[in-house]
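Below are the chains, spelled out letter by letter.
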Amino acid sequence: MFENQYGSKIYLTLFELEDITPEYISWLNDQEVVKFSNQRFLKHTHKTSVNYLQSFERTPNLFLAIKDLSSKKIIGTMTAYISEHHQTADIGILLGNRDYWGKGIGFDAWATLVKWASANFRKVSAGAVAVNKPMIALMEKSGMEFEGLKKHHEIVNDCPTDVLFYGKFSDV
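Residues numbered from 1 in each chain as written. Predicted model: local features only at pLDDT ≥ 70, side-chain atom pairs only at ≥ 80, totals over all residues. Heavy atoms only, no water.

**Side note on the overall build of the chain**
The helix and strand tally for the chain stands at four helices and eight strands. Beginning at the N terminus, the succession of helices and strands in the chain can be written as β-β-α-α-β-β-β-α-β-α-β-β. Against the globule reference of 16 Å for 172 residues, the chain gives a C-alpha radius of gyration of 16 Å, in line with a compact fold. Projected onto its principal axes, the C-alpha positions of the chain cover 40 × 40 × 35 Å. Once local pairs closer than 6 in sequence are excluded, the contacts in the chain between residues at least 24 apart make up 59%. As presented, the chain carries roughly 9,500 Å² of accessible surface, and 54% of it is formed by carbon and sulfur atoms. The centroid of the 19 positive side-chain charges in the chain is displaced by 2 Å from the centroid of its 20 negative side-chain charges. (Helix = DSSP H or I, 4+ residues; strand = E, 2+ residues; numbered from the N terminus. Rg over C-alpha atoms; globule rule 2.2 N^0.38 Å. Contact = heavy atoms within 4.5 Å. Areas by Shrake-Rupley, 256 points an atom, 1.4 Å probe, with all protein chains shown as cover. Lys, Arg positive; Asp, Glu negative; His and termini not counted. Charge placed at Lys NZ, Arg CZ, Asp CG, Glu CD.)

The following block contains the structure:
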């Protein structure tokens, strides 16, 4: 069972129904926030957000809220798709509140989840489109190593783009 995890600027907690606010939904519909995410192809509503949250029920997967340590305000989300059989966790992040961009908050959240996952699973993995330089920097700074790519796998701005995959083995 996941218990709150604390970084230096944020804490991670399970995302709950009351976290689905107009502000949260606005992040999902903000083309700048989701410009590298496949969420950019969807129109998000309260109902679609509830459905997504419910998709985590009765699974080992985690949908987490990133909350500012001082204000307790939700500023983003993270996911961990867990394979119990393979003892792996594939993680992702969405720092929705743009006021927190460029301040080390994303890395603090990322490093916090990588640390937790490394203590609980054999391997942590993640991926990003090649043009998402901040995400690639985040993965590399957290100690993840490049493992491979799918060439021209996704379309970004009408251009075929590679998807890069990173991983980190733990001591578990």
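**Structural notes on helix α2 (residues 46-54)**
Among the residues of α2, Ser49, Val50 and Leu53 are the ones counted as buried. Looking straight down α2, one finds its buried side chains confined to an arc of 100°; they lie on one side. One side-chain oxygen of the residue at the start of α2 lies 3.3 Å from the amide nitrogen of lysine 47, identifying that residue as threonine 45. (Buried < 20%, exposed > 50% of the residue type's maximum accessible area, 1.4 Å probe, protein only. Arc of directions from axis to C-beta. Polar contact = N/O pair within 3.5 Å; in protein donor to acceptor, adjacent residues only side chain to side chain.)

**Focus: helix α3 (residues 105-120)**
In a regular helix each residue adds 1.5 Å, so 16 residues correspond to 22 Å; α3 covers 23 Å between its end C-alpha atoms and thus fits that length. For α3, the full list of buried residues reads Ile105, Gly106, Asp108, Ala109, Trp110, Thr112, Leu113, Val114, Trp116, Ala117 and Ser118. (Expected span 1.5 Å × (residues − 1).)

**Let's talk about the pairing of strand β4 (residues 74-83)**
By the criterion of burial, β4 is predominantly enclosed, with nine of the 10 residues buried. When strand β3 (residues 62-68) meets β4, the two strands line up antiparallel, connected through six bridges. When the bridges of β4 are listed, phenylalanine 63 appears paired with threonine 79. The turn joining β3 and β4, which pair antiparallel and follow one another in sequence, is formed by five residues; a positive phi near 70° is taken by lysine 72. As judged from the seven bridges shared by β4 and strand β5 (residues 88-94), these two strands associate in the antiparallel manner. In the sheet register, threonine 79 faces β5, and the bridge partner there is glycine 92. (Pairing = 2+ DSSP bridges.)

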